[in-house]
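# Structure at a glance
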Amino acid sequence: MVMLNTPARVFGALGFAAAIALAGCGQKDDSPVTKGGPVSLRRLTEPEYRQIIADVFGTTIKVPGRFEPDVRDNGLIAVGTSRESVAGTGLEQYDLTARGIAAQVVDDAHKATLIPCTPAKVTDKDDACATQFIANTGRLLFRRPLTQDELQTQVKDAGESATKLGNFYSGLELSVAAMLVSPQFLFRQEVSEPDPDNKGERRLDAYSKASRLSFFLWDTTPDSDLLEAAAKGDLNSDDGLAKQVDRMVKSPRLASGVRAYFTDMLGFDGFASLAKDPQIYPKYGSAVATDAQEQTLRTLTDLLVTNNGDYRDIFTTRKTYLTRLLGSVYNVPVTTSTGWEPHEYPEGDPRAGILMEVSFVSLHSHPGRSSPTIRGKALREIFLCQKVPDPPGNVNFALVQDTKNPAFHTARARLGAHINQPTCAGCHKIMDPVGLAMENFDSAGGFRSTENDSPIVTAGEIDGMKFDDSVGFTKVIHDHPQAPVCLVNRIYSYGTGRPATKDEAEWLNYQVKQFAASGYKVPELMRRIAGSKAFYRISTPGTEANNATLSMAGTSSQTEAVK
Amino acid sequence: MTGFHSFTRPLSLAAGLALAATAGHASASETRGYVVSWFGVSTYYGGDSDCPDGLNPMSTEFYKRELLRLGYSEADATKLLKDFPGNPGKPDGEYIKIMATRGDKKTNVYAHPESAADPGLKEVKGTKAYGFNLDGKTDSPISFTDPDTGEKGIKNQYYRTLGCIRSFRAPPPAHPTLAQAQWDVLRDEMPAWLIEVSGITDPKNSDNVTVTISRAVDHVSRDATGAVRSDMSFKVDPDPRTHNVLHGSIKDGVLTTDASTIRIVADPFLIPEFNWKQARLKLKMGDDGSLKGILGGYHDWYALYWSYAESGWVEEHSASVDMPALYYSLKRNADADPDATGQNQSISTAYEVEAVPAFVIHTEDKNDKKVSDAGSAVQPRRVEANMGGWLRKLGW
């Protein structure tokens, strides 16, 4: 029996379900009309691939092998996947992985659970049983029912293999492996169709809608209910779509979707290549890096999903989670021997919010020293959607890299001298004050009050707003009008797999206002986006000009909306 | 301790995580927590001066000596020893069975070392060693002088016995091979050892401090350099067998404790448990928050012998510790607690101790107690079981 499993990583999202239940079932989409964007062809990311396998075949199925790295575009892997293909070596890896998975699906530990019928003879083919299994499994893997041709081909191939190998399950094994290397599985192929309600315009077809919706809210393949709704045409009606969106937003699985979005937005794929000098930061290692990511994701899902909190509080919340390992980095006691426990930074603590957590400050630092510049750039690009130019090629970094320079004890002093170079000053004035606010945290996330015995000053000013210390800085970012604007833009891009178009600026502006009116509730924002027509509208041929990417100039009016 | 980052060093926490120290008051005292990051028998490396008779032979050498003594020809002895680890051949070579009964050709020489004659162990004849003046005498012929402080009357007969065995020798800062190997295994497999120092009014000078040595229910973790990770949290094993409360003082940044018994539950890989009499600590409190120094006291010498001999030929051949020779030397050098026959039952010892800052958490939670009962209690085990563990750990 093919089934969807509740992922283990979902935790504690039930608490907010009641609040969401009151929010929007059947709410009318009164947002501005857009002309839509192009359909996308998106390669599955490694997390998506793994989650699909866990949902379709169960969490006991191991996913062996390695995956090709993903590409980040416009701040998101979700956008970069629209530009990815599969190289020859990548296909070999997919094939090895598929064979490894398929072998487990039909092994003695799984076949009784995963295959819904028993062949008449184990040593021979059984087309009826094979059809039942392949139709069920293929529907979940391809995110739509198999066509008659696809189904007949799969059953025929499975039968021939079973006959040759003398084993029914060996035939199915090859069938599963074949489906897992099919472009229909590896790529989320969106298909558009004429919109009968708006003559001359196009929309995603029902199964493409289901897929976009499921990956956006749950980070996985559509479940049977959603595919059934697509089959019945329910997703093409306002009420039918709203019903499915509400069901999914109320589900504990929304936490998976929120985690997946922030994993992408925060660039956690960067941890795969992150290293620290062990002699300088002996407490930092791969286990700490793994826990640091999980800490931030737990902080976010607890605040945004479990407690349905204000998005802006991610910058100021004093509530987080720790393991014993992280406790050694944060220098606080942790009573739980294994696993996680809640922790609240006490009053007066220099840490607050996810910017001061190990994940952010360590990911945006050099291996052997912190970097206010990199941190400032990261904050502006990730949380404020502001593009900071790369440095010119002929910059001399010697001064900022010399952490033992007797004349410049702190990063602030070194950068102060560095920006005397005219070609550097402009950008550094944008980045450095932001990053210097986080200088109390070294490259590995540990606290320090001095550098080279000189006190670290974290006071500063960003975009006209002054702050006295690191916590004051988090409050400034909390109140920065661009922060919610950036989130709305970015989460929409995440769902559609493309940057927003200029044509969609007004729609986004409207969503920003609604986001503010909701109290900056992320689940409600996701519900509104997922329930909107704009989310599924496809631009018609000849309107390519509408597809011009929305620049930050286009978001300035949205900033006004929340001021 | 007034705020989060006034935690200059991890502080001990009382039950329910209420802070043990009464912070913020001028008269408040501080409690500091530590986890032991290094423990090993203390040996002084004096080059040629401490072993003027030379070093004890390697196991290949004393095995061959024993084979010749038993009547084997040079050729036969060489042939038998071709199976010695590192040489081509079988890991369970015939020589092992012969060595295990080398006394009277039928009795297990490790369990009954007196079945063999004393082959003689070359002992330390130098004058310097670390430890304590356990008996208060400075003119005893067995006295050493502390190489760092010049203190006379140091008693460390355990070092006198072991100090000329190659696996117990290493020029600083290296640790002797056997001690290092034992600790490398223990620190990963054994619940951590904890030290708490409470009543600190001044980290450099405090007249009355209480030092608690206990065992955790948690294990140590390593950092990126392989060292014991500092600032980790450890829950104290509520088993009273693992608790030692000592009185001490801090003078010029050096913590010393009064003589007391100290019992530390360890692991059969090293020794099931240590039981020292008249034991004391001398630990320098480093500016980096660490502790480094010596634990010394009298210890039952046979228990120390058995901590090596329980593994039989495994440790004998891998660490080149001639077990009957060790037995007779320990018995000969024992310097306290004479029995009715006059044979001393205890031997003066000293161990190196290092510790790094840690959060020490006391809890009476029933669930935690279960954790302790299930995972930490050291149960009496049969010798064979211990040997099995040894063999597995060494890959045999």
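Fair warning: this is a prediction, and the values are worked out from it, not measured in the lab.

Turning our attention to the overall build of chain B. Counting secondary structure elements, chain B contains ten helices and 13 strands. Per-residue burial for chain B yields a buried fraction of 43% across its 396 residues. Sequence-distant contacts, at least 24 apart, represent 64% of the contacts inside chain B between residues at least 6 apart.

Here we come to the overall build of chain A. Looking only at helices and strands, chain A features 25 helices and eleven strands. Dimensions along the principal axes, computed over C-alpha positions, put chain A at roughly 85 × 55 × 50 Å. Buried positions account for 51% of the 563 residues belonging to chain A. Long-range pairs, those at least 24 residues apart, make up 72% of the contacts in chain A with a sequence separation of at least 6.

Working note: a packed helix pair is described by the angle between its axes plus the distance between those axes. All names here are of chain B. Contact pair helix α6 (residues 301-309) / helix α8 (residues 323-333): the axes reach a minimum separation of 10 Å and the direction vectors enclose 170°. As summarised for this structure, α6 and α8 are arranged roughly antiparallel, according to the angle between their axes. As α6 runs across α8, the sense of the crossing is right-handed. Of the residues in α8, those touching α6 at Trp301, Leu304, Tyr305, Tyr308 and Ala309 are Met323, Leu326, Tyr327, Leu330 and Lys331.

With that settled, the discussion passes to the interface of chain B and chain A. For an interface, size is often stated in terms of accessible area lost upon the parts coming together. Residue-level contacts link 23 residues of chain B with 20 residues of chain A. Contributing elements (two or more residues each) for the side of chain B that touches chain A: β5 (206-219), β6 (232-235) and β13 (344-361) of chain B. The leading source of residues in the side of chain B that touches chain A is β6 of chain B, at three residues.

The next point concerns the domain arrangement of chain B. For chain B, the assigned domains are domain 1 (4-53 + 121-393) and domain 2 (59-115). Contact with domain 1 of chain B, which involves ten residues of that partner, is made by nine residues of domain 2 of chain B.

With that settled, consider the environment of serine 346 of chain B. Residues and elements named next belong to chain B. Looking at the secondary structure, you find serine 346 in strand β13. Sequence separation between serine 346 and phenylalanine 234 is 112 residues, and the spatial gap between their C-alpha atoms is 33 Å. Look past the residues within four positions of serine 346 in its chain and what remains in contact with it is Lys277, Tyr298, His299, Asp300, Trp301, Ala334, Ala336 and Asp337.

Taken in spatial order, the three strands make up an open sheet running β3-β4-β11 (chain A), and their pairing is antiparallel. Each edge of the open sheet carries a strand with a single partner, namely β3 (192-194) and β11 (537-538) of chain A.

The next thing to look at is the pairing of β5 of chain B. Residues and elements named next belong to chain B. As paired elements, strand β4 (residues 191-200) and β5 share seven bridges and run antiparallel to each other. Within β5, the residue paired with serine 198 across the bridge is threonine 210. Note that β5 and strand β7 (residues 244-251) share six bridges and pair antiparallel. Its bridge partner lying in β7, valine 211 is registered against leucine 246.

Turning our eyes to something else, we now look at the pairing of strand β9 (residues 260-267) of chain B. Residues and elements named next belong to chain B. In this sheet, strand β10 (residues 271-285) lies alongside β9 in antiparallel orientation, the contact comprising six bridges. Within β10, the residue paired with arginine 263 across the bridge is asparagine 275. Count of turn residues in the β9/β10 antiparallel hairpin: three residues.

This paragraph deals with the confidence of the model for chain B. Residues and elements named next belong to chain B. Confidence along chain B averages 85 in pLDDT terms, with 83% of residues attaining 70 or more. Taken together, the stretch residues 11-26 has pLDDT below 50 and engages in 43 contacts with residues farther than four places along the chain or on a different chain. A low-confidence stretch, residues 365-396 (pLDDT under 50), is modelled with 41 contacts involving residues beyond four sequence positions or located in other chains. Interface confidence in the predicted complex, given as ipTM, is 0.82; pTM for the same model is 0.85.

Turning next to unusual backbone geometry. Negative phi values dominate among residues other than glycine, just as trans dominates among peptide bonds. Omega for the peptide link from proline 172 of chain B to proline 173 of chain B comes to 10°, which places this bond in the cis form. Along the polypeptide, proline 173 of chain B turns up in the loop between α4 (157-162) and α5 (177-189). Backbone geometry places aspartate 463 of chain A, a non-glycine residue, at a positive phi of 50°. With a phi close to 50°, glutamine 278 of chain B is a non-glycine residue in the positive phi region. Structurally, the position occupied by glutamine 278 of chain B is in strand β10.

On to the nonpolar core, then. Judged by nonpolar contacts, the single largest core of 104 residues is most densely connected at Leu217, Val258, Val488 and Ile491 of chain A. Look past the residues within four positions of valine 258 of chain A in its chain and what remains in contact with it is Leu300, Thr301, Leu304, Val305 and Val522 of chain A. Counting residues in hydrophobic clusters, the runner-up holds 82 residues, among them Val36, Phe132, Ala319 and Ala325 of chain B.

Moving on: helix α10 (residues 206-217) of chain A. All names here are of chain A. Taking 1.5 Å per residue, twelve residues should reach 16 Å; α10 reaches 16 Å between its end C-alpha atoms and fits that length. When you tally the buried positions in α10, you get twelve out of twelve residues, the bulk of the element. What α10 keeps buried is the set Ala206, Tyr207, Ser208, Lys209, Ala210, Ser211, Arg212, Leu213, Ser214, Phe215, Phe216 and Leu217. With its phi angle positive at about 60°, aspartate 219 sits one or two positions after the end of α10.

Further remarks concern helix α4 (residues 88-105) of chain A. Given 3.6 residues per helical turn, the α-helix brings residues three or four places apart onto the same face. Residues and elements named next belong to chain A. Look at α4: 26 Å from first C-alpha to last across 18 residues, which is about the 26 Å you get at 1.5 Å a residue. Looking at α4, one finds that the buried residues are Tyr94, Thr97, Ala98, Ile101, Ala102, Gln104 and Val105. Here the buried residues of α4 occupy an arc of 155° about the axis, which is enough to place them on one side. Turned more than 90 degrees from where α4 packs its buried face, Gly88 and Thr89 sit exposed. Summarising the contacts, the buried residues of α4 are in contact with α2 (46-57), α5 (111-114), α8 (168-180) and α9 (183-186).

Moving on, we get to the environment of asparagine 420 of chain A. Residue and element names in this part refer to chain A. For asparagine 420, the location among the structural elements is in the loop between α19 (411-418) and α20 (422-436). Judged by C-beta crowding, with 9 C-beta atoms within 10 Å, asparagine 420 ranks as exposed. On a C-alpha basis, the gap between asparagine 420 and proline 38 in space is 46 Å, while along the polypeptide they are 382 residues apart.

Let us look at the confidence of the model for chain A. All names here are of chain A. When pLDDT is averaged across chain A, the result is 89; 91% of the residues are at 70 or more. A low-confidence stretch, residues 1-26 (pLDDT under 50), is modelled with 54 contacts involving residues beyond four sequence positions or located in other chains. Confidence over residues 552-563 falls short of pLDDT 50; this stretch has 25 contacts with residues more than four positions distant or in other chains.

Our focus in this paragraph is the environment of threonine 349 of chain B. All names here are of chain B. Relative to the helices and strands, threonine 349 resides in strand β13. Taking the C-alpha atoms as reference, threonine 349 lies 8.0 Å from valine 41; in sequence the two are 308 residues apart. Contacts of threonine 349, omitting those with residues within four sequence positions, involve Asn156, Tyr158, Gly296, Gly297 and His299.

Moving on: the packing of helix α17 (residues 372-383) of chain A against α20 of chain A. Residues and elements named next belong to chain A. Where α17 meets α20, the axes come as close as 7 Å, and the angle between the chain directions of the two elements is 100°. If you check the angle between α17 and α20, you find them roughly perpendicular. Residues Pro372, Thr373, Ile374, Arg375, Gly376, Lys377, Leu379 and Arg380 of α17 touch α20, and the partners they reach there are His428, Ile430, Met431, Asp432, Val434, Gly435 and Leu436. Residues of the contact of α17 with α20, tallied by class, amount to seven nonpolar, four polar and four charged.

The rules we used
Residues numbered from 1 in each chain as written. Chains lettered and ligands numbered in written order. Predicted model: local features only at pLDDT ≥ 70, side-chain atom pairs only at ≥ 80, totals over all residues. Helix = DSSP H or I, 4+ residues; strand = E, 2+ residues; numbered from the N terminus. Buried ≥ 20, exposed ≤ 12 C-beta atoms within 10 Å, placed from the backbone. Contact = placed C-beta atoms within 7 Å. Axes fitted to C-alpha atoms, helices over the stretch in contact; angles between N-to-C directions. Parallel < 35°, antiparallel > 145°, perpendicular 65-115°, else oblique. Left-handed = near helix turned anticlockwise from the far one by under 90°. Domains from an automatic or database assignment. Pairing = 2+ DSSP bridges. pLDDT = per-residue confidence, 0-100. Core = buried A, V, L, I, M, F, W, Y, C linked by C-beta atoms within 7 Å. Expected span 1.5 Å × (residues − 1). Arc of directions from axis to C-beta. Nonpolar A, V, L, I, M, F, W, Y, C, P; charged D, E, K, R; others polar.

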